[in-house]
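Descriptive analysis of the structure
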Amino acid sequence: MIQSVFTIGIILTVAILILSFVLVKVTPKTKYISYYPCMFLFGAGLILLLFATIVERTFIMGAGLGGWGIACLFAAAIGFIVTAILDSFQQEDVKA
């Protein structure tokens with residue numbers, strides 16, 4: 001079961017990094033739209049962890065709701081870090 005949580009977390013991380021990279025390159029320099037996918041994934045992770053405590057054991061693709069919540073929070077944290085770095089480099093290119 002832990003292997004499926006790691007796999008889900010890695011897949012979500014790659015997806016959120018690709019989406020954030022595209023949004024950083026497309027959006028105007030002072031907008032925070034590139035952070036929205038990470039915020040959505042963070043909120044989804046918290047909701048999934050909440051439902052894991054309320055609902056009886058529910059498995060989706062080999063992982064419970066708590067595992068999905070942990071995977072979403074992991075992907076959101078890595079996504080926030082990488083998006084902030086990409087955004088700062090994008091801002092630096094504008095000023096130079």
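Provided above is the structure to which this section pertains.
Residues numbered from 1 in each chain as written. Predicted model: local features only at pLDDT ≥ 70, side-chain atom pairs only at ≥ 80, totals over all residues. Heavy atoms only, no water.

The next thing to look at is the environment of Ser-20. Topologically, Ser-20 is positioned in helix α1 (residues 2-26). Between the alpha carbons of Ser-20 and Pro-37 there is a distance of 7.2 Å; along the sequence they are 17 residues apart. Contact partners of Ser-20, with chain neighbours within four places excluded, come to Ser-34, Cys-38 and Thr-83. (Helix = DSSP H or I, 4+ residues; strand = E, 2+ residues; numbered from the N terminus. Contact = heavy atoms within 4.5 Å.)

Next up on the list: the side chain of Ser-34. Within the fold, Ser-34 resides in the loop between α1 and α2 (36-54). Owing to a relative accessible area of 1%, Ser-34 belongs among the buried residues under this scheme. (Buried < 20%, exposed > 50% of the residue type's maximum accessible area, 1.4 Å probe, protein only.)

With that settled, the discussion passes to the side chain of Gln-90. Mapped onto the fold, Gln-90 is located in helix α3 (residues 65-95). In this structure Gln-90 comes out as buried when scored by relative accessible area, which is 10%.

Core analysis: the largest hydrophobic core is formed by six residues, namely Ile-16, Cys-38, Leu-41, Cys-72, Ala-75 and Ala-76. For this core, the secondary structure elements donating two or more residues are α2 and α3. Sort the elements by how many residues they give to this core and α3 lands first, with three residues. Once residues lying within four places of it in the same chain are set aside, the contact partners of Leu-41 are Ile-16, Cys-72, Ala-75 and Ala-76. Ranked by size, the runner-up nonpolar core spans five residues in total, among them Val-5, Ala-63, Trp-68 and Ala-71. (Core = buried A, V, L, I, M, F, W, Y, C linked by side-chain atoms within 4.5 Å.)

For α1, with 25 residues, the first-to-last C-alpha span of 36 Å sits near the 36 Å given by 1.5 Å per residue. Those residues of α1 that fall on the buried side of the exposure criterion are Ser-4, Val-5, Ile-8, Gly-9, Thr-13, Ile-16, Ser-20, Leu-23 and Val-24. (Expected span 1.5 Å × (residues − 1).)

The next subject is the packing of α1 against α2. In a packed pair of helices, the relevant descriptors are the angle between the two axes and the axis-to-axis distance. Between α1 and α2, the least distance of the axes is 9 Å, while the angle of their chain directions is 150°. By the criterion of interaxial angle, the relationship of α1 to α2 is roughly antiparallel. Seen from α1, the contacting residues are Ile-16, Leu-19, Ser-20 and Leu-23; seen from α2, they are Pro-37, Cys-38 and Leu-41. A class-by-class count of the residues in the contact of α1 with α2 yields six nonpolar, one polar and no charged. (Axes fitted to C-alpha atoms, helices over the stretch in contact; angles between N-to-C directions. Parallel < 35°, antiparallel > 145°, perpendicular 65-115°, else oblique. Nonpolar A, V, L, I, M, F, W, Y, C, P; charged D, E, K, R; others polar.)

Per the stated rule, a full pass over the model turns up one aromatic pair. With a centroid separation of 6.3 Å and an interplanar angle of 45°, the aromatic rings of Tyr-32 and Tyr-35 are classed as tilted. Exposure remark for Tyr-35: the relative accessible area of 14% places this residue in the buried category. (Phe/Tyr/Trp six-rings, centres within 6.5 Å; stacked < 30°, edge-to-face > 60°.)

What is shown is where atoms sit, not what they do.
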